[in-house]
Amino acid sequence: MKNYKIAVVNGDGIGHEIVPMGVEVLEAASAKFGFKLAITSFPFGAGYYQEHGDFMAEGAMEELKSFDAILFGAVGLPAVDDTLPFKLFTNKVRTAFKQYVNYRPVKLLDGIQSPLGTKTQADIDFVVIRENNEGEFVQNGRVMYGDEPHGFATDTSLFTRVGIERIAHYSFKLARKRRSKVTNVTKSNTMINTLAYWDRVIGEVAAQYPDVEYRKMYIDAATANFVLHPEYFDVVLTTNMLGDILSDLGGAIMGSLGFGPSGNLNPERTFPSMFEPIHGSAPDIAGKGIANPIGQIWSAAIMLEHLGEQAAADAIVAAINQTTAAGVLTTDAGGTNSTKEVAQSILKFL
Ligand SMILES: NC(=O)c1ccc[n+]([C@@H]2O[C@H](COP(=O)([O-])OP(=O)(O)OC[C@H]3O[C@@H](n4cnc5c(N)ncnc54)[C@H](O)[C@@H]3O)[C@@H](O)[C@H]2O)c1
(Lines give C-alpha, C1' and ligand atoms only; values in the text may rest on other atoms or scores of the structure.)
Protein backbone atom coordinates (compact mmCIF):
# COMPACT_ATOMS: atom_id res chain seq x y z
CA MET A 1 0.00 0.00 0.00
CA LYS A 2 1.35 3.42 -0.93
CA ASN A 3 2.16 5.71 1.97
CA TYR A 4 2.48 9.46 1.36
CA LYS A 5 4.20 11.84 3.75
CA ILE A 6 2.16 15.04 3.85
CA ALA A 7 3.14 18.27 5.61
CA VAL A 8 0.15 20.37 6.67
CA VAL A 9 0.45 24.11 7.29
CA ASN A 10 -2.82 25.78 8.35
CA GLY A 11 -1.16 29.20 8.31
CA ASP A 12 -3.37 31.96 9.70
CA GLY A 13 -6.96 33.20 9.81
CA ILE A 14 -9.44 30.89 8.07
CA GLY A 15 -6.57 28.47 7.37
CA HIS A 16 -7.27 27.05 10.85
CA GLU A 17 -10.85 26.32 9.82
CA ILE A 18 -10.55 25.10 6.23
CA VAL A 19 -7.26 23.16 6.24
CA PRO A 20 -8.56 20.65 8.84
CA MET A 21 -11.56 20.08 6.52
CA GLY A 22 -9.15 19.33 3.69
CA VAL A 23 -7.32 16.86 5.93
CA GLU A 24 -10.58 15.10 6.91
CA VAL A 25 -11.50 14.67 3.27
CA LEU A 26 -8.01 13.38 2.45
CA GLU A 27 -8.24 10.84 5.25
CA ALA A 28 -11.64 9.64 4.05
CA ALA A 29 -10.27 9.34 0.49
CA SER A 30 -7.24 7.36 1.68
CA ALA A 31 -9.47 4.88 3.54
CA LYS A 32 -11.72 4.47 0.50
CA PHE A 33 -9.03 4.25 -2.17
CA GLY A 34 -6.45 2.18 -0.32
CA PHE A 35 -3.44 4.41 0.32
CA LYS A 36 -1.94 5.75 3.51
CA LEU A 37 -1.18 9.29 4.57
CA ALA A 38 1.40 10.14 7.22
CA ILE A 39 0.42 13.68 8.18
CA THR A 40 2.61 16.09 10.14
CA SER A 41 1.31 19.55 11.05
CA PHE A 42 3.51 22.63 11.25
CA PRO A 43 2.30 25.77 13.07
CA PHE A 44 3.96 28.19 10.64
CA GLY A 45 2.68 31.60 9.56
CA ALA A 46 2.21 35.14 10.83
CA GLY A 47 0.97 33.86 14.22
CA TYR A 48 4.20 31.88 14.53
CA TYR A 49 6.13 35.01 13.59
CA GLN A 50 4.49 36.97 16.44
CA GLU A 51 5.85 34.41 18.91
CA HIS A 52 9.15 33.42 17.33
CA GLY A 53 10.24 36.25 15.03
CA ASP A 54 10.10 34.17 11.86
CA PHE A 55 7.37 32.54 9.76
CA MET A 56 8.89 29.09 10.15
CA ALA A 57 11.25 27.29 12.47
CA GLU A 58 14.97 27.14 11.77
CA GLY A 59 15.77 24.11 9.64
CA ALA A 60 12.12 23.79 8.54
CA MET A 61 12.88 24.08 4.82
CA GLU A 62 15.28 21.15 5.11
CA GLU A 63 12.67 19.15 7.02
CA LEU A 64 9.91 19.95 4.51
CA LYS A 65 12.08 18.59 1.68
CA SER A 66 11.50 15.06 2.93
CA PHE A 67 7.71 15.27 2.40
CA ASP A 68 5.84 14.13 -0.70
CA ALA A 69 3.61 17.23 -0.67
CA ILE A 70 2.53 20.20 1.41
CA LEU A 71 -1.11 21.13 2.06
CA PHE A 72 -1.27 24.80 2.92
CA GLY A 73 -3.97 27.34 3.87
CA ALA A 74 -2.77 30.95 3.70
CA VAL A 75 -0.57 33.27 5.74
CA GLY A 76 -1.07 36.85 6.91
CA LEU A 77 -2.57 38.64 9.92
CA PRO A 78 -3.66 42.30 10.18
CA ALA A 79 -1.27 42.87 13.10
CA VAL A 80 1.77 41.69 11.13
CA ASP A 81 3.59 43.69 8.42
CA ASP A 82 1.95 42.41 5.22
CA THR A 83 5.16 42.58 3.20
CA LEU A 84 6.40 39.58 5.22
CA PRO A 85 4.05 36.60 4.55
CA PHE A 86 4.99 36.25 0.89
CA LYS A 87 8.68 36.88 1.47
CA LEU A 88 9.11 34.69 4.54
CA PHE A 89 6.77 31.84 3.72
CA THR A 90 4.89 31.49 0.43
CA ASN A 91 7.54 32.72 -1.97
CA LYS A 92 10.31 31.13 0.06
CA VAL A 93 8.75 27.69 -0.35
CA ARG A 94 7.75 28.25 -3.98
CA THR A 95 11.24 29.28 -5.05
CA ALA A 96 13.37 27.01 -2.84
CA PHE A 97 11.34 23.99 -3.99
CA LYS A 98 11.33 25.14 -7.64
CA GLN A 99 7.55 25.13 -7.76
CA TYR A 100 7.64 27.11 -10.97
CA VAL A 101 4.14 26.18 -12.11
CA ASN A 102 1.17 27.73 -10.37
CA TYR A 103 -1.77 25.65 -11.62
CA ARG A 104 -5.17 27.30 -11.09
CA PRO A 105 -8.28 25.71 -12.59
CA VAL A 106 -11.27 27.94 -13.28
CA LYS A 107 -14.34 25.75 -13.66
CA LEU A 108 -17.96 26.45 -12.86
CA LEU A 109 -19.17 23.90 -10.31
CA ASP A 110 -22.50 22.05 -10.62
CA GLY A 111 -25.52 24.08 -9.58
CA ILE A 112 -23.60 27.36 -9.33
CA GLN A 113 -24.79 30.40 -11.20
CA SER A 114 -21.81 32.45 -12.37
CA PRO A 115 -22.02 36.18 -11.74
CA LEU A 116 -21.58 36.34 -15.53
CA GLY A 117 -25.25 35.41 -15.83
CA THR A 118 -25.75 33.57 -19.09
CA LYS A 119 -22.39 31.80 -19.05
CA THR A 120 -22.59 28.06 -18.31
CA GLN A 121 -20.27 25.21 -17.38
CA ALA A 122 -19.47 24.79 -21.08
CA ASP A 123 -18.15 28.37 -21.15
CA ILE A 124 -16.23 28.50 -17.87
CA ASP A 125 -13.66 25.71 -17.97
CA PHE A 126 -10.03 26.72 -18.28
CA VAL A 127 -6.75 26.70 -16.35
CA VAL A 128 -4.55 29.66 -15.47
CA ILE A 129 -0.88 28.67 -15.55
CA ARG A 130 1.00 31.34 -13.69
CA GLU A 131 4.79 31.46 -13.81
CA ASN A 132 5.61 31.08 -10.13
CA ASN A 133 9.33 31.66 -9.56
CA GLU A 134 10.34 34.82 -11.38
CA GLY A 135 8.80 37.79 -13.19
CA GLU A 136 7.50 40.73 -11.21
CA PHE A 137 7.61 38.95 -7.83
CA VAL A 138 11.35 38.31 -7.44
CA GLN A 139 11.51 41.13 -4.91
CA ASN A 140 14.54 42.64 -6.51
CA GLY A 141 14.49 46.30 -5.55
CA ARG A 142 14.77 48.85 -2.80
CA VAL A 143 13.30 51.95 -1.21
CA MET A 144 15.69 54.83 -0.56
CA TYR A 145 15.19 58.14 1.21
CA GLY A 146 11.54 57.17 1.63
CA ASP A 147 10.65 60.07 3.91
CA GLU A 148 12.42 62.69 1.82
CA PRO A 149 11.26 64.64 -1.26
CA HIS A 150 13.68 62.72 -3.46
CA GLY A 151 12.61 59.33 -2.08
CA PHE A 152 12.34 56.53 -4.61
CA ALA A 153 11.44 52.86 -4.90
CA THR A 154 12.34 50.19 -7.45
CA ASP A 155 11.23 46.64 -8.21
CA THR A 156 12.99 45.07 -11.16
CA SER A 157 11.33 42.04 -12.77
CA LEU A 158 13.40 39.11 -13.87
CA PHE A 159 12.62 36.85 -16.83
CA THR A 160 15.05 34.11 -17.84
CA ARG A 161 14.99 32.00 -20.98
CA VAL A 162 15.00 28.79 -18.98
CA GLY A 163 12.19 30.10 -16.76
CA ILE A 164 10.01 31.06 -19.72
CA GLU A 165 10.74 27.90 -21.68
CA ARG A 166 9.85 25.52 -18.85
CA ILE A 167 6.51 27.20 -18.05
CA ALA A 168 5.69 27.37 -21.77
CA HIS A 169 6.46 23.67 -22.33
CA TYR A 170 4.33 22.79 -19.29
CA SER A 171 1.43 24.83 -20.71
CA PHE A 172 1.57 23.38 -24.22
CA LYS A 173 1.80 19.83 -22.88
CA LEU A 174 -1.17 20.51 -20.61
CA ALA A 175 -3.13 21.94 -23.55
CA ARG A 176 -2.61 18.67 -25.44
CA LYS A 177 -4.46 16.88 -22.63
CA ARG A 178 -7.26 19.47 -22.75
CA ARG A 179 -8.72 21.36 -25.73
CA SER A 180 -5.35 22.18 -27.37
CA LYS A 181 -5.44 25.95 -26.97
CA VAL A 182 -2.86 28.18 -25.27
CA THR A 183 -3.42 31.91 -24.72
CA ASN A 184 -0.33 33.83 -23.69
CA VAL A 185 -1.56 36.75 -21.57
CA THR A 186 1.06 39.48 -21.80
CA LYS A 187 1.66 43.21 -21.89
CA SER A 188 4.54 43.39 -24.33
CA ASN A 189 3.20 46.54 -25.98
CA THR A 190 4.30 48.51 -22.91
CA MET A 191 6.73 46.19 -21.11
CA ILE A 192 8.87 46.28 -24.21
CA ASN A 193 11.88 44.48 -22.77
CA THR A 194 10.79 41.81 -20.33
CA LEU A 195 7.43 40.88 -21.81
CA ALA A 196 8.55 41.24 -25.41
CA TYR A 197 11.26 38.69 -24.53
CA TRP A 198 8.61 36.56 -22.76
CA ASP A 199 6.51 36.61 -25.98
CA ARG A 200 9.50 35.82 -28.17
CA VAL A 201 10.56 32.76 -26.15
CA ILE A 202 6.96 31.52 -25.85
CA GLY A 203 6.57 31.95 -29.61
CA GLU A 204 9.63 29.73 -30.15
CA VAL A 205 8.17 27.06 -27.87
CA ALA A 206 4.75 27.37 -29.54
CA ALA A 207 6.37 26.51 -32.88
CA GLN A 208 7.30 23.12 -31.41
CA TYR A 209 3.61 22.34 -30.78
CA PRO A 210 1.99 22.96 -34.19
CA ASP A 211 -1.03 20.89 -33.12
CA VAL A 212 -1.82 23.37 -30.33
CA GLU A 213 -3.63 26.60 -31.23
CA TYR A 214 -1.61 29.53 -29.92
CA ARG A 215 -2.62 33.12 -29.47
CA LYS A 216 -1.32 36.16 -27.66
CA MET A 217 -3.63 38.50 -25.76
CA TYR A 218 -2.85 41.64 -23.79
CA ILE A 219 -3.81 41.60 -20.12
CA ASP A 220 -6.22 44.50 -20.53
CA ALA A 221 -8.13 42.65 -23.24
CA ALA A 222 -7.86 39.38 -21.31
CA THR A 223 -9.53 40.83 -18.20
CA ALA A 224 -12.44 41.98 -20.36
CA ASN A 225 -12.61 38.59 -22.08
CA PHE A 226 -12.61 36.70 -18.76
CA VAL A 227 -15.93 38.47 -18.14
CA LEU A 228 -17.38 38.69 -21.65
CA HIS A 229 -15.97 35.56 -23.33
CA PRO A 230 -14.56 33.04 -20.84
CA GLU A 231 -15.19 30.40 -23.52
CA TYR A 232 -12.18 31.76 -25.45
CA PHE A 233 -9.83 30.17 -22.93
CA ASP A 234 -8.41 26.70 -22.38
CA VAL A 235 -4.86 27.11 -21.02
CA VAL A 236 -3.99 30.68 -20.00
CA LEU A 237 -0.22 31.07 -19.78
CA THR A 238 0.88 34.19 -17.94
CA THR A 239 3.38 35.84 -15.64
CA ASN A 240 3.60 35.77 -11.85
CA MET A 241 1.78 39.04 -11.15
CA LEU A 242 -0.63 39.00 -14.06
CA GLY A 243 -1.57 35.42 -13.12
CA ASP A 244 -2.05 36.37 -9.48
CA ILE A 245 -4.58 39.02 -10.45
CA LEU A 246 -6.28 37.11 -13.27
CA SER A 247 -6.82 33.98 -11.19
CA ASP A 248 -8.75 35.96 -8.55
CA LEU A 249 -10.95 37.16 -11.39
CA GLY A 250 -11.22 33.49 -12.33
CA GLY A 251 -12.40 32.72 -8.78
CA ALA A 252 -14.93 35.53 -9.02
CA ILE A 253 -16.48 34.21 -12.24
CA MET A 254 -16.75 30.79 -10.56
CA GLY A 255 -19.01 32.51 -8.04
CA SER A 256 -16.59 33.03 -5.14
CA LEU A 257 -12.92 33.42 -4.36
CA GLY A 258 -13.54 30.62 -1.86
CA PHE A 259 -14.00 28.08 -4.68
CA GLY A 260 -10.58 28.55 -6.32
CA PRO A 261 -7.94 25.82 -5.87
CA SER A 262 -4.29 25.80 -6.80
CA GLY A 263 -1.14 23.75 -6.95
CA ASN A 264 2.39 25.15 -6.75
CA LEU A 265 4.02 22.42 -8.79
CA ASN A 266 7.55 21.19 -9.15
CA PRO A 267 6.89 19.10 -12.27
CA GLU A 268 10.25 17.29 -12.04
CA ARG A 269 9.33 16.12 -8.51
CA THR A 270 12.78 16.88 -7.18
CA PHE A 271 11.05 18.78 -4.36
CA PRO A 272 7.61 18.59 -2.77
CA SER A 273 4.82 20.59 -4.40
CA MET A 274 2.46 22.76 -2.34
CA PHE A 275 -1.33 22.94 -2.61
CA GLU A 276 -3.41 25.89 -1.38
CA PRO A 277 -6.61 27.76 -2.20
CA ILE A 278 -6.16 30.89 -4.33
CA HIS A 279 -7.40 33.23 -1.62
CA GLY A 280 -5.71 34.61 1.49
CA SER A 281 -6.28 34.19 5.21
CA ALA A 282 -9.51 36.29 5.13
CA PRO A 283 -9.10 37.85 8.58
CA ASP A 284 -12.47 39.61 8.17
CA ILE A 285 -14.34 36.31 8.53
CA ALA A 286 -11.81 34.23 10.51
CA GLY A 287 -13.14 32.42 13.57
CA LYS A 288 -16.78 32.65 12.48
CA GLY A 289 -17.07 29.17 10.98
CA ILE A 290 -18.40 30.54 7.69
CA ALA A 291 -15.38 30.29 5.37
CA ASN A 292 -15.92 28.37 2.16
CA PRO A 293 -13.79 25.20 2.42
CA ILE A 294 -14.20 24.15 -1.23
CA GLY A 295 -11.07 25.81 -2.67
CA GLN A 296 -9.04 24.12 0.06
CA ILE A 297 -10.62 20.70 -0.41
CA TRP A 298 -10.28 20.96 -4.19
CA SER A 299 -6.58 21.86 -3.67
CA ALA A 300 -6.25 18.63 -1.65
CA ALA A 301 -7.74 16.77 -4.63
CA ILE A 302 -5.18 18.37 -6.97
CA MET A 303 -2.51 17.19 -4.52
CA LEU A 304 -3.75 13.60 -4.82
CA GLU A 305 -3.79 13.92 -8.61
CA HIS A 306 -0.17 15.09 -8.49
CA LEU A 307 0.72 12.10 -6.27
CA GLY A 308 -0.86 9.75 -8.82
CA GLU A 309 -4.10 9.00 -6.94
CA GLN A 310 -6.32 10.06 -9.84
CA ALA A 311 -9.40 8.04 -8.84
CA ALA A 312 -9.40 9.53 -5.34
CA ALA A 313 -8.90 13.04 -6.75
CA ASP A 314 -11.80 12.56 -9.20
CA ALA A 315 -14.03 11.26 -6.41
CA ILE A 316 -13.36 14.34 -4.26
CA VAL A 317 -14.11 16.69 -7.15
CA ALA A 318 -17.32 14.73 -7.86
CA ALA A 319 -18.33 15.02 -4.17
CA ILE A 320 -17.66 18.77 -4.31
CA ASN A 321 -19.93 19.05 -7.36
CA GLN A 322 -22.67 16.96 -5.70
CA THR A 323 -22.48 19.29 -2.71
CA THR A 324 -22.77 22.48 -4.74
CA ALA A 325 -25.52 20.91 -6.89
CA ALA A 326 -27.44 20.14 -3.68
CA GLY A 327 -27.19 23.81 -2.72
CA VAL A 328 -25.03 23.17 0.35
CA LEU A 329 -23.09 26.42 0.23
CA THR A 330 -21.47 28.98 2.51
CA THR A 331 -22.66 32.60 2.50
CA ASP A 332 -19.97 33.88 0.09
CA ALA A 333 -21.54 31.56 -2.51
CA GLY A 334 -25.10 32.57 -1.71
CA GLY A 335 -25.86 29.80 0.78
CA THR A 336 -26.57 29.58 4.49
CA ASN A 337 -24.34 26.66 5.49
CA SER A 338 -21.31 26.67 7.74
CA THR A 339 -17.76 25.59 6.81
CA LYS A 340 -18.34 22.29 8.65
CA GLU A 341 -21.68 21.59 6.99
CA VAL A 342 -20.18 22.00 3.52
CA ALA A 343 -17.25 19.74 4.45
CA GLN A 344 -19.62 17.15 6.00
CA SER A 345 -21.65 17.11 2.80
CA ILE A 346 -18.50 16.49 0.72
CA LEU A 347 -17.53 13.67 3.10
CA LYS A 348 -21.02 12.15 2.84
CA PHE A 349 -20.96 12.14 -0.97
CA LEU A 350 -17.41 10.77 -0.96
N1 LIG B 1 -0.99 32.50 -0.38
C2 LIG B 1 -1.23 33.22 0.69
O3 LIG B 1 -0.85 32.87 1.78
C4 LIG B 1 -2.02 34.51 0.55
C5 LIG B 1 -2.68 34.85 -0.63
C6 LIG B 1 -3.40 36.04 -0.69
C7 LIG B 1 -3.46 36.87 0.42
N8 LIG B 1 -2.77 36.51 1.55
C9 LIG B 1 -2.86 37.30 2.78
O10 LIG B 1 -4.18 37.16 3.33
C11 LIG B 1 -4.50 38.35 4.07
C12 LIG B 1 -5.85 38.87 3.64
O13 LIG B 1 -5.76 39.34 2.30
P14 LIG B 1 -7.00 39.87 1.44
O15 LIG B 1 -8.08 40.28 2.38
O16 LIG B 1 -6.49 40.78 0.44
O17 LIG B 1 -7.48 38.59 0.59
P18 LIG B 1 -8.37 37.34 1.01
O19 LIG B 1 -8.34 36.42 -0.17
O20 LIG B 1 -7.93 36.77 2.30
O21 LIG B 1 -9.85 37.92 1.19
C22 LIG B 1 -10.50 38.71 0.19
C23 LIG B 1 -12.03 38.64 0.42
O24 LIG B 1 -12.50 37.34 0.05
C25 LIG B 1 -13.12 36.70 1.14
N26 LIG B 1 -12.73 35.29 1.16
C27 LIG B 1 -11.49 34.79 0.90
N28 LIG B 1 -11.48 33.47 1.04
C29 LIG B 1 -12.73 33.10 1.39
C30 LIG B 1 -13.35 31.86 1.69
N31 LIG B 1 -12.68 30.70 1.65
N32 LIG B 1 -14.66 31.85 2.04
C33 LIG B 1 -15.37 33.00 2.06
N34 LIG B 1 -14.85 34.21 1.78
C35 LIG B 1 -13.54 34.26 1.46
C36 LIG B 1 -12.62 37.41 2.39
O37 LIG B 1 -13.55 37.31 3.45
C38 LIG B 1 -12.41 38.83 1.89
O39 LIG B 1 -13.59 39.57 1.97
C40 LIG B 1 -3.35 39.32 3.84
O41 LIG B 1 -2.48 39.24 4.94
C42 LIG B 1 -2.66 38.80 2.59
O43 LIG B 1 -1.32 39.12 2.50
C44 LIG B 1 -2.10 35.35 1.66
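The model shown is predicted, which means the values in this text are computed figures rather than measured ones. (Residues numbered from 1 in each chain as written. Predicted model: local features only at pLDDT ≥ 70, side-chain atom pairs only at ≥ 80, totals over all residues. Heavy atoms only, no water.)

Caption draft 1: Quick look at the nonpolar core. The biggest cluster of nonpolar side chains holds 82 residues, and the ones touching the most others in it are Ile6, Leu71, Tyr103, Ile129, Phe172, Leu304 and Ile316. At nine residues, the largest contribution of residues to this core is made by helix α9 (residues 294–307). Shared between two domains, this core holds at least three residues of each, these being domain 1 (1–109 + 257–350) and domain 2 (113–121 + 132–253). Those residues in contact with Ile6 that sit more than four places away from it in its chain are Leu37, Ala38, Ile39, Thr40, Phe67, Ala69, Leu71, Met303 and Leu307. In this structure, Val9, Ala46, Val75 and Met274 belong to the second largest nonpolar core, which totals 22 residues. (Core = buried A, V, L, I, M, F, W, Y, C linked by side-chain atoms within 4.5 Å. Buried < 20%, exposed > 50% of the residue type's maximum accessible area, 1.4 Å probe, protein only. Helix = DSSP H or I, 4+ residues; strand = E, 2+ residues; numbered from the N terminus. Domains from an automatic or database assignment. Contact = heavy atoms within 4.5 Å.)

Caption draft 2: The domain arrangement of the protein, seen in detail. In terms of domains, the protein is made up of domain 1 (1–109 + 257–350) and domain 2 (113–121 + 132–253). Listed per partner, the contact involves 21 residues of domain 1 and 18 residues of domain 2. Around 1,800 Å² of area is buried between domain 1 and domain 2 when both sides are counted, 57% of it from carbon and sulfur atoms. At the junction of domain 1 with domain 2, the criterion picks out zero salt bridges. Our count for the domain 1 to domain 2 interface comes out at eight residue pairs in polar contact (both at pLDDT 80 or more). At the level of secondary structure, the elements contributing two or more residues to the side of domain 1 that touches domain 2 comprise α4 (84–96), β4 (101–107) and β11 (261–265). Per-class residue counts for the side of domain 1 that touches domain 2 are 11 nonpolar, six polar and four charged. (Buried area = accessible area lost by both parts, 1.4 Å probe. Salt bridge = Lys/Arg side-chain N within 4 Å of Asp/Glu carboxyl O. Polar contact = N/O pair within 3.5 Å; in protein donor to acceptor, adjacent residues only side chain to side chain. Nonpolar A, V, L, I, M, F, W, Y, C, P; charged D, E, K, R; others polar.)

Caption draft 3: Spotlight on the environment of Arg142. Inspection of the secondary structure puts Arg142 in strand β6 (residues 141–144). Separated by 112 residues in the primary sequence, Arg142 and Ser30 place their C-alpha atoms 47 Å from one another. Sequence-distant contacts of Arg142, defined by excluding residues within four places in its chain, comprise Phe152, Ala153 and Thr154.

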